[in-house]
Structures are given as C-alpha cells and as structure tokens.
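Understanding the architecture of this molecule
Below, each chain spelled out in residue letters.
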Amino acid sequence: MLPRNLSLLLLATLSACGRDSSGPSIKPLAARLDLGARHGCLTTTASLVCWGQGTEGQLGIGPISGDTTPVTLPSSVSLVSIAAGATHTCGLDESGAAWCWGSDTYGELGSDAVDTSCGGIACVGTPVRAATGLTFTSLAAGVSFTCGLTANGTVYCWGLNDTGQLGTSNDVTCGGIRCSPAPALAAGGAKFGAIAAGQQHVCALRTDGQAACWGYDGLLEDGRHINAQFLPEVRARTGPPPLVRISAGGYHTCAATEQGDAWCWGIDALGAGASVLESVRPIRVTGGHHFTSIAAARFTVCGLDSNGTAWCWGP
C-alpha cells in the first residue's frame, strides 16, 4: 500500500516497482523501490537502503524512531526485489527466498524469529528468512500481511486475515483476530501470472489475462456500503481485454493491457470522471493515454505513458 502523498515519488522508478506486477520474474534490475505507510526502501545492485519511520523495525537496522536519510541494511542479505507493507518490509534474494523485517503482530513476517524489542510489539529489527521451504518470483505486501507468487503460479500468503486477504479460510488467530503466521496456500491453489496487494485485499492476473481478487470489498450493496467481511473466495473481475500488469491501492485496483490501456475497479481513483467513483467491474480510464507503468496508492493512481509523462487521478 502506497501513501497518498508519495505517489509522485514512485514515478521515477515505476518500471522497477513491485507494485506494478507484470509477471513472474526475479531478474535483477538497476533499482527497485517500494513505499510503505511511513517508510520506503530501495534495493540496487550495490546495496539495500531504507528511510522513514522505524519504530517497529521496518527499516531493517533494529527499532529506531526513524531516519530521513537512507540507512544501509546489513550486507549479509542481498535482495533483488522489495515489497513494503504498512509497518513491515519483505524482499527476495536471487534464489527467490523471502526475507522480512519489521512489525509481526499478525505473523506478517512469516518467521518464528520474533522478539518484543519494539516497545512490547512483536517485531524483527533485521532481515530474517520468511516462508522457509518456499521460493517466489515476486512478493506483495499490504497492511499486516504478505503474499508471494511461486514459479508455478500458485500464491502463498501469511499475516492478518481478518477480511480474507490471505485467500484462505484458516481459523488460526492472533490475539483473537484471524491470521496465519505460516504461509497458507491462497485461492485454492489457482495459478496466476502476477499479484498485487492493497490495504486489505489482493488482486492477481490469471494466465488468460483476466483479474481475480479476494479480501475486503466494501462496495455498495443495496445502496449502502458494507462493513469489512471475511471474503477469502476468489472473485473474477471480468470485462477488459487481457491485462499484463496490475497494481492495488487502498480500496481500488488498476491494471493495464499490453497496449497500455488502463482499467480500474473498486472505490475512488477509477479515472472515469467525477461521476464514476465506484465500480464492481473494471472500467476503462478515460483520456486515451497508453501507460507503460501504473501504480495505485491509498486514494490515488499514477501512470507513466510511453513519452515519459506522468498522469495521476483520484480525490
């Protein structure tokens, strides 16, 4: 989940951002950037740095109040991709192994190596191996949960599951709240080519280029907004041509076709004019722009067109 006021920061590295998922690959790029609620991390071929709030260890150097200057993480872990959640961070090394650090209140780190050095909050201040026994081609992190896409297209998720964002009906609880500290097979083992995590939901692209989502919905039912429900079942979002990249924001998701046409669904930032603020089905973003990259934030969306021009929409 990307904070609203940092959307433009991301545009300089949209092509390298894990939020704009375009298929399974862990090929090292020159740089990969992702932003959490109040922190950001950047991995390059030379180093991994993080900055911002660090009270729950999300900067990877132990619990600290924060740092406006990027701090370098231990050189013992070399990551080729990064995914920042609200108060935790995860990344992949070249072998596809996942490493996580930060808050672990609901098992979002997928590791047993947890302490309480963050003011009594369960956390890990430095990178630890997550989801042991599994390897991934990409990761996506939301608010207190993480999901990983494997090479064969299956998805595993761990962490908070109060609205079904893990794509499973497991009944494990953390302090009375539904969760899964261990990786759980999502969506009944369905196969996907890309995943994206929003605030409390996950959307993925099927092999036929159509989108499927699970977790919080919150759209109108009988003329009123529903409260958060436990909805782990996969729901298809049919309508647009085959999609090749996808990005999830707060309560909305946007995706683009091979030609760069953008489609959005959910609540806010749909890009279809001021009169269309909600849609269960994907609707086409107006303006005739063709985007090479797209990134959804909490309330907004920004895209980069083939000329390198940034376009943004939302409240």
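These numbers come from a predicted model, not from an experiment.

1. A word on empty space enclosed by the protein
The tally for this structure, following the rule as stated, stands at two cavities of 30 Å³ or more. Considering only enclosed or pocket space, the largest cavity measures out at about 130 Å³ in volume. Around the largest cavity sit 17 residues that line it, and His201, Tyr216, Asp217, Arg237 and Tyr251 are the ones nearest its centre. A total of three residues in the lining of the largest cavity trace back to one element, the largest contributor, which is strand E17 (residues 211–215). Split into classes, the residues belonging to the lining of the largest cavity amount to eight nonpolar, six polar and three charged. Of the voids in this model, the second largest cavity is the one considered here, and its volume is about 50 Å³. Lining the second largest cavity are Asp261, Ala262, Arg284, Val285, Thr286, Gly288, His289 and Phe291. Split by residue class, the lining of the second largest cavity holds three nonpolar, three polar and two charged.

2. With respect to the side chain of Thr168
Summarising the element assignment, Thr168 is placed in the loop between strand E12 (155–160) and strand E13 (173–174). Residue Thr168 is classed as buried on the basis of its relative accessible area, which comes to 15%. Sequence-distant contacts of Thr168, that is, excluding residues within four places in its chain, are made with Asn161, Ala184, Leu185, Phe230 and Pro232.

3. What to know about the confidence of the model for the protein
Mean pLDDT over the protein stands at 87; residues scoring 70 or higher make up 88%. In this model, residues 1–20 is a region of pLDDT below 50 whose contacts with residues beyond four sequence positions or in other chains number 73 contacts.

4. Looking at the pattern of salt bridges
Enumeration over the complete set of coordinates arrives at four salt bridges. Residues Arg206 and Asp208 are paired through a salt bridge, measuring 2.9 Å at the closest nitrogen-oxygen approach. Classification of Asp208 as partly exposed rests on a relative accessible area of 41%. In this structure, Asp217 and Arg237 form a salt bridge, with 3.4 Å as the shortest nitrogen-oxygen distance. Within this pair, whereas Asp217 is found in the loop between E17 and strand E18 (220–221), its partner Arg237 is found in strand E20 (residues 235–237), the two being separated by 20 residues in sequence. Residue class for Arg237 comes out buried when judged on its relative accessible area of 9%.

5. As for the state of the cysteines
All told, the structure shown has eight disulfides when counted by the stated rule. With its sulfur 2.0 Å from that of its partner, Cys118 forms a disulfide with Cys123. Across the S-S bond linking Cys118 and Cys123, the dihedral sits near 85 degrees, which makes this disulfide right-handed. Of the two residues examined, Cys118 and Cys123, each falls in the buried class.

6. Focus on the nonpolar core
Of all hydrophobic cores here, the largest spans 16 residues; its most connected members are Phe145, Cys147, Val155, Cys157, Phe192, Ile195 and Trp214. Where this core is concerned, the elements lending two or more residues are strand E11 (145–149), E12, strand E15 (192–197), strand E16 (201–206) and E17. One finds Leu92, Ala98, Ala131 and Ala141 within the second-largest nonpolar core, a separate group that totals 15 residues.

About the cut-offs
Residues numbered from 1 in each chain as written. Predicted model: local features only at pLDDT ≥ 70, side-chain atom pairs only at ≥ 80, totals over all residues. Heavy atoms only, no water. 1 Å grid on protein atoms, 1.4 Å probe; cavity = no way out; pocket = protein on both sides within 12 Å on 5 of 7 lines; lining within 4 Å. Points joined across faces, edges and corners; volume = space filled by probe spheres on them. Helix = DSSP H or I, 4+ residues; strand = E, 2+ residues; numbered from the N terminus. Nonpolar A, V, L, I, M, F, W, Y, C, P; charged D, E, K, R; others polar. Buried < 20%, exposed > 50% of the residue type's maximum accessible area, 1.4 Å probe, protein only. Contact = heavy atoms within 4.5 Å. pLDDT = per-residue confidence, 0-100. Salt bridge = Lys/Arg side-chain N within 4 Å of Asp/Glu carboxyl O. Disulfide = S-S within 2.5 Å. Core = buried A, V, L, I, M, F, W, Y, C linked by side-chain atoms within 4.5 Å.

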